[in-house]
Amino acid sequence: AMAGVGGGNDFQWCFSQVKGAIDEDVAEADIISTVEFNYSGDLLATGDKGGRVVIFQREQESKNRPLSRGEYNVYSTFQSHEPEFDYLKSLEIEEKINKIRWLPQQNAAHFLLSTNDKTIKLWKISERDKRAEGYNLKDEDGRLRDPFRITSLRVPVLMPMDLMVEASPRRIFANAHTYHINSISVNSDHETYLSADDLRINLWHLEITDRSFNIVDIKPANMEELTEVITAAECHPHQCNVFVYSSSKGTIRLCDMRAAALCDRHSKFFEEPEDPSSRSFFSEIISSISDVKFSHSGRYMMTRDYLSVKVWDLNMENRPVETYQVHEYLRSKLCSLYENDCIFDKFECCWNGSDSAIMTGSYNNFFRMFDRNTRRDITLEASRENSKPRAILKPRKVCTGGKRKKDEISVDSLDFNKKILHTAWHPKENVIAVAATNNLYIFQDKIN
């Protein structure tokens, strides 16, 4: 059911929902900075630059409308991080949520980790639909009763009340990162997780907040010799001793914690040799990896750089097994993308639930999907133009030179302020969440 990227013969993507205000002038705090489905796909969390987390819950399918697949509605909203000030360094610490990661569900409550640049928090999201009534020492309105007036004992009872969803911070993991945190990743043992900043990676136990183990440190003794930074890190989905991290030099290191406590010596080093013919002033910038994700199977990993997505087999280090061009037509525009800083944009990437397709974003609110089996690819747009329920998304084409066909968009008319950096794919179904500035779009495959 998960196969393919849609369009053509397999299935078509259609509009499902859009969240967020339509205003032309967007408040900075409302810009979505991370999107993440939980393990079942029934919950969808977004974080924003204002430090808020919004969780959407999928409605159960109703019996009277069997074909209406559950829509996502707001379940809980809470302020996860506040702006802070580091007085020693005279630095403002932004409240922006950099990453959210769900923990596998183990009881009725849900847990997630959220992080800004410096502090990681473990949040518990739980439901209350009953409250205790009939206390002995206080009245119904909460006032304490005079003990001499209490002549009989009563047993308090639980009474039903309106459903409340509460978010409470259970753990705060602070003061472990000198530099900005770019990644958090929950380990497959479900009791540890790692956090990565520009130069170091730490391993935490979910129960212990006052210490973490430093497992990677690439900080040179002399900071003038700094040549690369860590850009992303992730734990292997099945082997709790294995993790990878990517660098601004376009390389990926796979480390094994069984080999040594400090994983400065990697076990595997993935790098594609550069083609000397395509070398330019921008080569190093565009080869920097902005995201790395293991496949659900654990056999492959995917990396995103500025112009492409690569799929690597963990057993082959010297080159990727698949390379997909995301927006090759921008290669001739790198000069202006450098001048407007877009060349430093950090695009994320994600797998579908069966690892048969991958998705990543582009500019002009376009996002791309690649079918690994048929090698077909598709460009879709997140826009309110065709936001009628079940409206089929029309594939977009960018004209790369020569005469422009009537349904093509010319490269020069692309809007570089509209960028799809964060996307998520439901773990079991063809339902995707796409963050476009302050709006969250949800698309699903059309059931014929």
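Here the structure is a predicted model, which is why all the values come from computation and not from measurement. (Residues numbered from 1 in each chain as written. Predicted model: local features only at pLDDT ≥ 70, side-chain atom pairs only at ≥ 80, totals over all residues. Heavy atoms only, no water.)

### Brief notes about the nonpolar core
Here comes step 1: Counting residues in hydrophobic clusters, the biggest one holds 20 residues, and the most contacted among them are Trp-13, Phe-367, Met-369, Ile-432 and Phe-443.
Here comes step 2: The element that contributes the greatest number of residues to this core is strand E31 (residues 431–436), accounting for three residues.
Here comes step 3: Within the second largest apolar cluster, 18 residues are counted, among which are Leu-334, Leu-337, Phe-347 and Val-411. (Core = buried A, V, L, I, M, F, W, Y, C linked by side-chain atoms within 4.5 Å. Buried < 20%, exposed > 50% of the residue type's maximum accessible area, 1.4 Å probe, protein only. Helix = DSSP H or I, 4+ residues; strand = E, 2+ residues; numbered from the N terminus.)

### Considerations on the layout of surface pockets
Here comes step 1: In this structure, the largest pocket encloses a volume near 980 Å³.
Here comes step 2: Together, 38 residues line the largest pocket, and Lys-49, Lys-96, Lys-346, Leu-421 and His-422 are the ones closest to its centre.
Here comes step 3: The set of elements that each furnish at least two residues to the lining of the largest pocket consists of strand E2 (32–37) and strand E16 (230–235).
Here comes step 4: When grouped by side-chain class, the residues that make up the lining of the largest pocket number twelve nonpolar, twelve polar and 14 charged.
Here comes step 5: Estimated volume of the second largest pocket: approximately 840 Å³.
Here comes step 6: Lining the second largest pocket are 32 residues, and of these Glu-36, Tyr-39, Glu-234, Lys-293 and His-296 sit closest to its centre.
Here comes step 7: Contributions of two or more residues to the lining of the second largest pocket are made by E2, strand E8 (99–102), strand E12 (183–186), E16, strand E20 (291–294), strand E24 (349–351) and strand E30 (422–425).
Here comes step 8: Counting residues per element, the lining of the second largest pocket draws most heavily on E2, which supplies four residues.
Here comes step 9: In terms of residue class, the lining of the second largest pocket is built from 14 nonpolar, eleven polar and seven charged. (1 Å grid on protein atoms, 1.4 Å probe; cavity = no way out; pocket = protein on both sides within 12 Å on 5 of 7 lines; lining within 4 Å. Points joined across faces, edges and corners; volume = space filled by probe spheres on them. Nonpolar A, V, L, I, M, F, W, Y, C, P; charged D, E, K, R; others polar.)

### Examining empty space enclosed by the protein
Here comes step 1: Summed over all chains, the structure comprises one cavity of 30 Å³ or more.
Here comes step 2: As a volume, the largest cavity reaches approximately 60 Å³.
Here comes step 3: Considering the residues around the largest cavity, the lining is formed by Lys-99, Arg-101, Ser-183, Ile-184, Ala-232, Ala-233, Glu-234, Asp-291, Val-292 and Lys-293.
Here comes step 4: Along the lines of polarity and charge, the residues of the lining of the largest cavity split into four nonpolar, one polar and five charged.

### Considering the environment of Gln-105
Here comes step 1: Along the chain, Gln-105 falls in the loop between E8 and strand E9 (110–115).
Here comes step 2: Note: C-alpha distance between Gln-105 and Ser-40 (65 residues apart in sequence) is 8.9 Å.
Here comes step 3: At a separation of 2.8 Å, a polar atom in the side chain of Gln-105 contacts the main-chain carbonyl oxygen of Asn-107. (Polar contact = N/O pair within 3.5 Å; in protein donor to acceptor, adjacent residues only side chain to side chain.)

### Observations regarding unusual backbone geometry
Here comes step 1: One non-glycine residue, His-190, adopts positive backbone phi at about 65°.
Here comes step 2: Backbone geometry at Arg-375 places phi at a positive 65°, although glycine is not the residue there.
Here comes step 3: With respect to the element layout, Arg-375 can be found in the loop between strand E26 (366–371) and strand E27 (377–381).
Here comes step 4: Judged by relative accessible area, Arg-375 falls into the partly exposed class, the value being 47%.

### Re the packing of aromatic side chains
Here comes step 1: Applying the stated criterion across every chain, the model contains 20 aromatic pairs.
Here comes step 2: Aromatic side chains Phe-37 and Tyr-72 sit 6.0 Å apart centroid to centroid with 65° between the ring planes, which places their arrangement in the edge-to-face category. Placement of the pair is Phe-37 in strand E2 and Tyr-72 in strand E5 (residues 72–79), with a sequence separation of 35 residues. Across the pair, Tyr-72 and Phe-37 agree in class, each one buried.
Here comes step 3: Geometrically, the ring pair formed by Phe-85 and Tyr-87 is edge-to-face, given 5.0 Å between the ring centres and 65° between the ring planes.
Here comes step 4: Phe-85 gets classed as partly exposed once you look at its relative accessible area, which sits at 38%. (Phe/Tyr/Trp six-rings, centres within 6.5 Å; stacked < 30°, edge-to-face > 60°.)

### Quick look at a nonpolar patch on the surface
Here comes step 1: Side chains of Phe-281, Tyr-338 and Phe-344 sit close together on the surface and give an oily, nonpolar patch of about 330 Å² of accessible area.
Here comes step 2: Tracing the sequence through the fold places Tyr-338 in helix H2 (residues 334–339).
Here comes step 3: Accessibility expressed as a relative area gives 34% for Tyr-338, which makes it partly exposed. (Patch = residues over 30% accessible without salt bridge, like charges linked within 9 Å, V, L, I, M, F, W, Y side chains within 5 Å. Areas by Shrake-Rupley, 256 points an atom, 1.4 Å probe, with all protein chains shown as cover. Salt bridge = Lys/Arg side-chain N within 4 Å of Asp/Glu carboxyl O.)

### Overview of the side chain of Lys-293
Here comes step 1: Along the chain, the position of Lys-293 falls in strand E20.
Here comes step 2: Of the residues examined, Lys-293 reaches a relative accessible area of 14% and is grouped as buried.
Here comes step 3: Apart from residues lying up to four places away in sequence, Lys-293 is in contact with Arg-101, Glu-234, Tyr-300, Met-301, Met-302, Cys-349 and Trp-351. (Contact = heavy atoms within 4.5 Å.)

### A look at the state of the cysteines
Here comes step 1: What the rule picks out here adds up to zero disulfides.
Here comes step 2: Cys-263 takes part in no disulfide bond, and the closest cysteine sulfur, belonging to Cys-255, lies 5.1 Å away.
Here comes step 3: The thiol sulfur of Cys-335 is not disulfide-bonded, and the nearest other cysteine sulfur, from Cys-342, lies at 13 Å. (Disulfide = S-S within 2.5 Å.)

### As for the sheet that holds strand E3 (residues 43–48)
Here comes step 1: In space, the four strands of this open sheet follow the order E2-E3-E4-E5, with antiparallel pairing throughout. Two strands lie at the open edges of the sheet, namely E2 and E5, each paired on one side alone. Averaged over all pairs of adjacent strands, the angle between strand axes in this sheet comes to 20°, irrespective of strand direction.
Here comes step 2: Here five bridges tie E2 to E3, and the two strands are oriented antiparallel to one another. When the bridges of E3 are listed, Ile-32 appears paired with Asp-48. (Pairing = 2+ DSSP bridges. Axes fitted to C-alpha atoms, helices over the stretch in contact; angles between N-to-C directions.)

### Considering the sheet that holds E30
Here comes step 1: Strands sit in the order E1-E32-E31-E30 across an open sheet of four strands; the sheet is antiparallel. Edge positions in the open sheet fall to strand E1 (13–19) and E30, since each of these has one partner strand only. The mean angle between the axes of side-by-side strands here comes to 20°, regardless of whether they run parallel or antiparallel.
Here comes step 2: Relative to E31, E30 is paired through four bridges, and the arrangement is antiparallel. Along E31, the bridge assignment pairs Ala-424 with Ala-433.

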